[in-house]
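# Understanding the architecture of this molecule
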Amino acid sequence: MMAYFVAFLCVLGMAIGQILFKISANGLHESGSLFSAKTLMALSAAICLYGLTSLAWVWVLQRTELGKVYPFMAFAFVLVPIGSYFMFGERFQTQYLVGVALIVAGIVVATKA
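First things first, this report covers the structure right here in the doc.

Rules behind the numbers
Each chain has its residues counted from 1, following the order in which its sequence is written. pLDDT decides what is reported in this predicted model: residues at 70 or higher carry local features, side-chain atom pairs at 80 or more are listed and counted, and totals for whole chains, interfaces and linings draw on all residues regardless. Note that the side-chain values use all heavy atoms of the structure and ignore hydrogens as well as water. Secondary structure elements follow DSSP: runs of H or I no shorter than four residues count as helices, runs of E no shorter than two count as strands, and numbering proceeds from the N terminus. Any residue under 20% of the maximum accessible area for its type is buried, any over 50% is exposed, and the rest in between are partly exposed; the area is computed with a 1.4 Å probe on protein chains only. Calculation of accessible area relied on Shrake-Rupley with a 1.4 Å probe; when residues are assessed, cover is drawn exclusively from the protein chains displayed. Only the six-membered ring of Trp is used, alongside the rings of Phe and Tyr, when aromatic pairs are assigned; centres must lie within 6.5 Å, and planes under 30 degrees apart are stacked while those over 60 apart are edge-to-face, with the rest tilted. Two residues qualify as a contact provided that any one of their heavy atoms is within 4.5 Å of a heavy atom in the partner residue. A helix is expected to reach a length of 1.5 Å times the quantity of its residues less one. What makes a salt bridge here is a side-chain nitrogen of Lys or Arg within 4 Å of a carboxyl oxygen of Asp or Glu, nothing more. We call a set of buried residues a nonpolar core when its members are Ala, Val, Leu, Ile, Met, Phe, Trp, Tyr or Cys and they connect through side-chain atoms within 4.5 Å of each other.

### Side note on the overall build of the chain
Each helix and strand in the chain was counted, giving five helices and zero strands. When its helices and strands are written in sequence order, the chain yields α-α-α-α-α. Principal-axis analysis of the C-alpha atoms gives the chain an extent of 50 × 35 × 15 Å. A burial count over the chain gives 28% of its 113 residues as buried. Accessible area of the chain: about 7300 Å², with a carbon and sulfur share of 73%.

Next comes the structure, spelled out in structure tokens:
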């Protein structure tokens, strides 16, 4: 059970990393320089977070079958849009939300198998 909790933390970390990558991309667009403080801090944080989540994922894979835990990665398709909605004000159509609901249903089905 602990492995599944850590797997979810990995997905959460990767989703936060995606938000940080977007912040760095916005900073690069605004400043025109990869070395601006906003860009460099967000990019460095994202890379560090991805490194930590990769190490944690290896820990998870030591304790769990890949086929059973990998469906959790699909939660990133749910968490990243939620983060982009709150952080960047991105809007989504109903069709997109139906797709996200289908992803969640697929995760439930896959993890129960």
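### A look at the packing of aromatic side chains
Counted according to the given criterion, the structure contains six aromatic pairs. When the ring of Tyr4 is compared with that of Phe72, the centres are 5.5 Å apart and the planes differ by 50 degrees; the resulting orientation is tilted. Here the residue Tyr4 occupies a position in helix H1 (residues 2-31), and Phe72 occupies one in the loop between helix H3 (66-69) and helix H4 (76-88), the gap between them amounting to 68 residues. For the ring pair Phe92 and Tyr96, a centre distance of 4.7 Å and an interplane angle of 20 degrees mean the geometry is stacked.

### A few points about the environment of Asn26
Here Asn26 shows up in helix H1. As a C-alpha pair, Asn26 and Tyr4 span 22 residues in sequence and 33 Å in three-dimensional space.

### Some words on the side chain of Ser36
Note that Ser36 resides in the loop between H1 and helix H2 (37-63). Those residues in contact with Ser36 that sit more than four places away from it in its chain are Gly27 and Ser31.

### Concerning H1
With 30 residues, H1 extends 43 Å between its outermost C-alpha atoms, agreeing within 8% with the 44 Å of an ideal straight helix rising 1.5 Å per residue. A positive backbone phi angle near 80 degrees is found at Gly32, which sits one or two residues after H1.

### Overview of the pattern of salt bridges
According to the stated counting rule, one finds one salt bridge in the structure shown. Between Glu30 and Lys38 there is a salt bridge, with its nearest N and O atoms 3.5 Å apart. By relative accessible area, which is 42% here, Lys38 ends up partly exposed.

### Description of the nonpolar core
The biggest cluster of nonpolar side chains holds nine residues, and these are Val6, Ala7, Cys10, Val11, Trp57, Val60, Val69, Phe72 and Met73. Ranked by residues supplied to this core, first place goes to H1 with four residues. Leaving out residues up to four positions away in the same chain, Phe72 has contacts with Tyr4, Val11 and Thr111. Of all hydrophobic cores here, the second largest spans five residues; its members include Ile19, Leu20, Ile23 and Ala42.

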